[in-house]
Number of protein chains: 2
Amino acid sequence: MGKVHEPLCILDENCPLRQMFDLVGDRWTSSVLFVIGEDVKRYSDLQRQIPGVSKKMLTQTLRRLEQAGLVSRKVYPVVPPRTEYRLTAMGKSILQPVTALADWAVKHQSELKVMRKKHDAKE
Amino acid sequence: MGKVHEPLCILDENCPLRQMFDLVGDRWTSSVLFVIGEDVKRYSDLQRQIPGVSKKMLTQTLRRLEQAGLVSRKVYPVVPPRTEYRLTAMGKSILQPVTALADWAVKHQSELKVMRKKHDAKE
DNA sequence: CGGTATCCTAAAAGATACTG
DNA sequence: CAGTATCTTTTAGGATACCG
């Protein structure tokens, strides 16, 4: 009773939460996961649907997600080349939390916009 | 029928999803939100519970969250100073998605560890 | 205690060119 | 089309010192 401030956990390097936050803390990770979603996407699809991402960043993000076991990559040895990306089972399971985030964003977008305006006005 | 690949949305600068992903894409944002949680935290509490964050980064993250309307800051004009941080109503509402992410991380931590081992072994 | 201000380096990211 | 390689620039972030 009356016990407060007892930390739930310490977010150090080995904490799975911290690793998670670092993963989605990669600028393009959430976008890539979200855009692939349940679909199959080609490299160029991703580039088009995530404006502002460079080839370098897109490739880097995809490789990282592949290594984490969230994304699978299938290359067809044809010319011109064709590469397909999709989420693995584990990748699909992360879609729910990511989508929850996205839903939140949509729900609160006007509120957020107001705050941003207020802030911009001040400077 | 047979219609595929129609993008759900384009994640450009004005897209609320993109703004959300950019927000949690800040390295310390999720950690700070998660650690404050339903509690009241002092600056030094946060520093202690998020090892690795520097004053600079912590302050920057807190200011950003304040401006976004997710965190409120209360300064007591006493000496030594005392500052309290807590989540606003909107801030608390984002806790659910963030917690969903955290839960996912805990649930899949062993799977993720295996993938990391596999990858480390290859180089 | 809860910050700023300043400097400085390392890492991230952009631009461009090239390739199977 | 789907990348890689190289180079340059920008930015993030750490270290340190200082302040009310």
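Basis of the calculations
Residues numbered from 1 in each chain as written. Chains lettered and ligands numbered in written order. Predicted model: local features only at pLDDT ≥ 70, side-chain atom pairs only at ≥ 80, totals over all residues. Heavy atoms only, no water. Salt bridge = Lys/Arg side-chain N within 4 Å of Asp/Glu carboxyl O. Buried < 20%, exposed > 50% of the residue type's maximum accessible area, 1.4 Å probe, protein only. Helix = DSSP H or I, 4+ residues; strand = E, 2+ residues; numbered from the N terminus. Polar contact = N/O pair within 3.5 Å; in protein donor to acceptor, adjacent residues only side chain to side chain. Contact = heavy atoms within 4.5 Å. Least-squares fit on C-alpha atoms with pLDDT ≥ 70 in both. Pairing = 2+ DSSP bridges. Axes fitted to C-alpha atoms, helices over the stretch in contact; angles between N-to-C directions. Core = buried A, V, L, I, M, F, W, Y, C linked by side-chain atoms within 4.5 Å. Near = heavy atom within 4 Å. Nonpolar A, V, L, I, M, F, W, Y, C, P; charged D, E, K, R; others polar. Parallel < 35°, antiparallel > 145°, perpendicular 65-115°, else oblique.

Undergrad: Sorry, what's going on with the pattern of salt bridges here?
TA: Should the charged atoms of two oppositely charged side chains come close, the side chains can pair. Under the criterion given, the structure shown has 15 salt bridges over all chains. Put simply, E13(B) and R18(B) hold a salt bridge, and the shortest N to O gap is 3.3 Å. Of the residues examined, R18(B) reaches a relative accessible area of 0% and is grouped as buried. One salt bridge in this structure joins E84(B) and R82(B), with 3.5 Å as the shortest N-O distance. The class of E84(B) is buried, set by a relative accessible area of 10%. Assessed through its relative accessible area of 32%, R82(B) is described here as partly exposed. Among the charged side chains, a salt-bridge network with shared partners connects R27(A), E13(B), R18(B) and D22(B).

Undergrad: For this particular structure, what's the right way to read the side chain of R18(A)?
TA: As for its position among the elements, R18(A) is in helix α1 (residues 16-24). Looking at R18(A), its side chain comes within polar contact range of the main-chain oxygen of L11(A), at 2.4 Å. If we skip the residues at most four places from it in the chain, R18(A) touches L11(A), D12(A), E13(A), R27(B), W28(B), S31(B) and P51(B).

Undergrad: What's the story with the relation of the copies chain B and chain A in this structure? I'm lost.
TA: Between the two copies of the chain lies a rotation about an axis combined with a shift along it. Here chain B sits on chain A after a turn of 180° about the axis and a move of 0.0 Å along it, with an RMSD of 0.1 Å. Those values place the two copies in the arrangement expected of a two-fold rotation axis. Within chain B, the C-alpha atom positioned nearest to the axis of rotation is that of G25(B), 2.0 Å from it. When the interface residues of chain B are mapped onto chain A, 100% of them are again interface residues, pointing to one common binding face.

Undergrad: Got a minute to help me understand the sheet that holds strand β2 (residues 71-76) of chain B in this structure?
TA: Backbone hydrogen bonds are what pair the strands of a sheet, in a parallel or an antiparallel way. All names here are of chain B. The strand order across the open sheet built from three strands is β1-β3-β2, with neighbouring strands paired in antiparallel fashion. At either end of the open sheet lies a strand with only one pairing partner, and these are β1 (41-42) and β2. Relative to strand β3 (residues 82-87), β2 runs antiparallel, the two sharing six bridges. By the bridge assignment, R73 is partnered in β3 with Y85. Seen against the sheet, helix α2 (residues 29-36) touches β1, β2 and β3 and runs at an angle of roughly 95° to β3.

Undergrad: I would appreciate a short explanation of the nonpolar core in the present structure.
TA: One broad trend across soluble globular proteins is that nonpolar side chains are buried collectively. With 68 residues, the main nonpolar core has M20(A) and M20(B) as its most contacted residues. Those residues within four positions of M20(B) in sequence are excluded, and the remaining contacts are L101(A), W104(A), A105(A) and I94(B).

Undergrad: Would you mind showing me how to read the protein's contact with DNA strand D here?
TA: Around DNA strand D sit 16 residues, and of these S44(A), K55(A), P81(A), Y85(A) and K56(B) come closest. Of all atoms in DNA strand D that approach within 4 Å of the protein, 62% are sugar or phosphate atoms. Within the side chain of R42(A), an N or O atom sits 2.8 Å from a phosphate oxygen of DNA strand D. At 3.2 Å from a phosphate oxygen of DNA strand D is found a side-chain nitrogen or oxygen belonging to R63(A). Per-class residue counts for the surface near DNA strand D are six nonpolar, four polar and six charged.

Undergrad: Hey, could you run me through the packing of α1(A) against α2(B) in this one?
TA: Helix-helix packing is characterised by the crossing angle of the two axes and by the distance between the axes. Running from N to C, α1(A) and α2(B) point in directions that differ by 140°, and their axes come no closer than 9 Å. Classed by the angle they form, the pair α1(A) and α2(B) counts as oblique. Contacts between α1(A) and α2(B) involve L17(A), R18(A) and F21(A) on the former and, on the latter, S30(B), S31(B) and F34(B). Partitioning the contact of α1(A) with α2(B) into residue classes produces three nonpolar, two polar and one charged.

Undergrad: I'm lost on the sheet that holds strand β2 (residues 71-76) of chain A in this one. Help?
TA: All names here are of chain A. Strand order in this open sheet of three strands is β1-β3-β2, and the pairing throughout is antiparallel. On the outer flanks of this sheet lie β1 (41-42) and β2, each paired with one strand and no other. For β1 and strand β3 (residues 82-87), the ladder comprises two bridges, and the chain directions are antiparallel. When the sheet's bridge partners are listed, K41 is paired in β3 with Y85.

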